[in-house]
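Listed here are the chains, written in short residue letters.
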Amino acid sequence: MAGQRSWGRQPPERRPDAPVQLHVVSDDSYSDWEAVYNDNVDRVYRLMYIKVGNRPDAEDLTAEVFVTALKPLRLTASIGEVRAYLLATARTVLAGYWRRTLGRQITRLEEDWALTEPVNDAGDSGAVARAAAILAELPDRYQRILRLRFIDACSLKEAAIELGVTVGNAKVLQHRALRQAAAVADRMEG
């Protein structure tokens, strides 16, 4: 028969005099998209807020859930089906959020967090000698970033300029230097 699908079950042929069968839509469905949104926005927002812990991200993710669900979601679906679909969409959106967020710095220290007055530890020569021994075991670039940041009390921006690198590169360099310094300190203690 022309115009019919060639896959799946074929609909039975209808006699011209047979009554038309209507699909009954229960009262258990939404009347329009605004009703879908109004009935579910608080539920989706609360879920997102619980998962991400801050209002701006929760609001953005809630909007993303509804934008993502708008096209494939049918208004003829029951309220339960709509809620289940929105929940599944929320999980997918949340997974995408965490995939984008992981590996990116979430908490942030101010660049100028260095002490305004350096602490004078001249009385504890053991600590000074230990710090010097740890620094001596590090590569030159690691020594330089740690000296600039913690001995000379330079800001991250000033250290980056001194090293001729970007602030982001200086952050990475400092992080790696601190990790290696901790490993050297552990090795010295053990």
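In this convention, every chain numbers its residues from 1, walking through the sequence in written order. Reporting in this predicted model follows two pLDDT cut-offs: at least 70 for local features of residues, and 80 or more for side-chain atom pairs to be given and counted; totals over whole chains, interfaces and linings ignore these cut-offs and use all residues. Only hydrogens and water are set aside; all other atoms, that is, all heavy atoms of the structure, feed into the side-chain values.

**As for the environment of alanine 177**
For step 1, the next point in the chain: As for its placement among the helices and strands, alanine 177 is situated in helix H7 (residues 167-189).
For step 2, the next point in the chain: Exposure is judged per residue with a 1.4 Å probe applied to protein chains only, and the accessible area is read against the type maximum: over 50% gives exposed, under 20% gives buried, and values in between give partly exposed. Among the residues examined, alanine 177 registers a relative accessible area of 0% and is labelled buried.
For step 3, the next point in the chain: Each C-alpha atom, one on alanine 177 and one on arginine 141, is 8.3 Å from the other, the two residues being 36 residues apart in sequence.
For step 4, the next point in the chain: The residues touching alanine 177, leaving out its near neighbours within four places in the chain, are Leu138, Tyr142, Ile145 and Leu146. Runs of H or I in DSSP of at least four residues are treated as helices and runs of E of at least two as strands, each being numbered from the N terminus. Working rule for contacts: check all heavy atoms of both residues, and any pair within 4.5 Å makes them a contact.

**Considering the side chain of glutamine 174**
For step 1, the next point in the chain: Checked against the element boundaries, glutamine 174 lands in helix H7.
For step 2, the next point in the chain: Discounting residues that sit within four places of it in the chain, glutamine 174 has contacts with Ile145, Leu146, Arg149, Phe150 and Leu156.

**Some words on the packing of aromatic side chains**
For step 1, the next point in the chain: The rule is short: rings of Phe, Tyr and Trp, with Trp giving its six-membered ring, pair when the centres are within 6.5 Å, and they are stacked under 30 degrees, edge-to-face over 60, tilted in between. Counted by the stated rule, this structure contains three aromatic pairs.
For step 2, the next point in the chain: Residues tyrosine 37 and phenylalanine 66 carry aromatic rings whose centres are separated by 4.9 Å and whose planes lie at 65° to one another, so their mutual orientation is edge-to-face. In this pair, tyrosine 37 sits in helix H1 (residues 33-52) while phenylalanine 66 sits in helix H2 (residues 55-70), placing the two residues 29 residues apart along the sequence.
For step 3, the next point in the chain: With 4.9 Å between their ring centres and 70° between their planes, tyrosine 97 and tryptophan 98 make a pair best called edge-to-face.
For step 4, the next point in the chain: Residue tyrosine 97 is classed as buried on the basis of its relative accessible area of 10%.
For step 5, the next point in the chain: Under the relative-accessibility criterion, tryptophan 98 is labelled partly exposed at 30%.

**Quick look at a nonpolar patch on the surface**
For step 1, the next point in the chain: Together, Phe150, Ile151 and Leu178 make up a nonpolar patch on the protein surface, roughly 280 Å² of accessible area in all.
For step 2, the next point in the chain: Take isoleucine 151: it is sitting in helix H5 (residues 140-151). Like-charged residues within 9 Å of one another, or nonpolar side chains (Val, Leu, Ile, Met, Phe, Trp, Tyr) within 5 Å, are grouped into patches, provided each residue has over 30% relative accessible area and no salt bridge. Computed with the Shrake-Rupley method and a 1.4 Å probe, the accessible areas treat only the protein chains shown as cover for residues. Take a side-chain nitrogen of Lys or Arg and a carboxyl oxygen of Asp or Glu: if they are within 4 Å of each other, that pair is a salt bridge.

**Things to note about the confidence of the model for the protein**
For step 1, the next point in the chain: You can read pLDDT as the predictor saying how much it trusts each residue, on a scale of 0 to 100. With 74% of its residues at a pLDDT of 70 or more, the protein shows a mean pLDDT of 77.
For step 2, the next point in the chain: When mean pLDDT is taken per element in the protein, H2 scores highest with 91 and helix H4 (residues 125-136) scores lowest with 81.
For step 3, the next point in the chain: Long-range and interchain partners of residues 1-11, a stretch whose pLDDT sits below 50, account for four contacts in this model, where long-range means more than four residues apart.
For step 4, the next point in the chain: Low pLDDT, under 50, characterises residues 104-121; the predicted model gives this stretch 16 contacts beyond four residues in sequence or across chains.

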